[in-house]
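Spelled out from the first residue to the last, the chains are:
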Amino acid sequence: MKKLNKLAKIITKILEVFHWVGAALMLAATVCSMAAPNWLRYFVGIDAKECCGAELSVYGFDVNAAVTNGNVDTKTFLLFGIGAFIILTLMAMVFRNLHLIFKKSENDSPFQKDNIRMLKEIGIFSISIPIVGLVMSTIIRLVLGVDAVEISVDQSGVVMGIVVLCLTQFFRYGAELEKDVDGLL
């Protein structure tokens, strides 16, 4: 069990760092796209064709941006970049909390108040990811027009978040039982 816990701590920390780096790179790319719009075509791939557009995607938030004269629409990328930055930050927080839960449970019971709080936050972050995608999709449609972009949002994060929030209730009950047992001894 100790080896599995150590492996989980390492993997969650690596994933947390990757997501923080991804969020920083997305923010930098979004800012750079406004300063040097011609550079944007290298970010999304030179092979983006005018017929098909440029596929932009992060955790189920998908935007097919228009391509004209080999350049991607900068407004679309700006709005996508904002949403992608928020989503990557939320995912980094999910992995941060997972890492801390494994770390705090290493030598103690997993039924700790902090673990329950962090598990609840993971559920909230998971539900927030598709909501951010939906809100950003709506904003993109309002700013660019209904026919300007093709958008899709995966709602599976809502289901995952609900499951995690339900698990939080079981952990809360387990903490109460553990407290009662400790009181009896």
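Residues numbered from 1 in each chain as written. Predicted model: local features only at pLDDT ≥ 70, side-chain atom pairs only at ≥ 80, totals over all residues. Heavy atoms only, no water.

With that settled, the discussion passes to the sheet that holds strand 2 (residues 61–65). Sheet strands pair by backbone hydrogen bonding; their relative direction is either parallel or antiparallel. Ordered by their spatial adjacency, three strands build an open sheet running 1-2-5, and the pairing between neighbours is antiparallel. This sheet does not close on itself; its edge strands, each paired only once, are strand 1 (54–58) and strand 5 (150–153). Adjacent strand axes in the sheet meet at a mean angle of 10°, parallel and antiparallel pairs treated alike. With five bridges joining them, strand 1 and strand 2 adopt antiparallel strand pairing. Residue pairing in the sheet places Glu55 in a bridge with Asn64 of strand 2. Lying over the sheet, helix 4 (residues 113–144) contacts strand 2 and strand 5, oriented at roughly 165° with respect to strand 5. (Pairing = 2+ DSSP bridges. Helix = DSSP H or I, 4+ residues; strand = E, 2+ residues; numbered from the N terminus. Axes fitted to C-alpha atoms, helices over the stretch in contact; angles between N-to-C directions. Contact = heavy atoms within 4.5 Å.)

Moving on to the confidence of the model for the protein chain. Across the protein chain, the average pLDDT comes to 84, with 86% of residues at 70 or higher. Across the protein chain, element-level confidence peaks in helix 3 (residues 74–104) with a mean pLDDT of 92 and bottoms out in helix 2 (residues 40–44) with 67. (pLDDT = per-residue confidence, 0-100.)

Spanning 32 residues, helix 4 covers 46 Å between terminal C-alpha atoms, matching the ideal 46 Å at 1.5 Å per step. Looking one or two residues beyond helix 4, the residue adopting positive phi is Gly145, at roughly 105°. (Expected span 1.5 Å × (residues − 1).)

This next bit is on the pattern of salt bridges. What the rule picks out here adds up to five salt bridges. Close ionic contact of Asp114 with Arg117 constitutes a salt bridge, the shortest N to O distance being 4.0 Å. You can see Asp114 and its partner Arg117 sitting in helix 4, three residues apart, about one turn around the helix. Look at Arg117 and you get partly exposed, because its relative accessible area is 40%. Measuring nitrogen to oxygen at the nearest pair gives 3.0 Å for the salt bridge that ties Arg117 to Glu121. Here Arg117 pairs with Glu121, and both are found in helix 4, just four residues apart, close to one helical turn. When its relative accessible area of 23% is taken as the criterion, Glu121 is described as partly exposed. By sharing partners, the salt bridges in this structure join Lys104, Asp114, Arg117 and Glu121 into a single network. (Salt bridge = Lys/Arg side-chain N within 4 Å of Asp/Glu carboxyl O. Buried < 20%, exposed > 50% of the residue type's maximum accessible area, 1.4 Å probe, protein only.)

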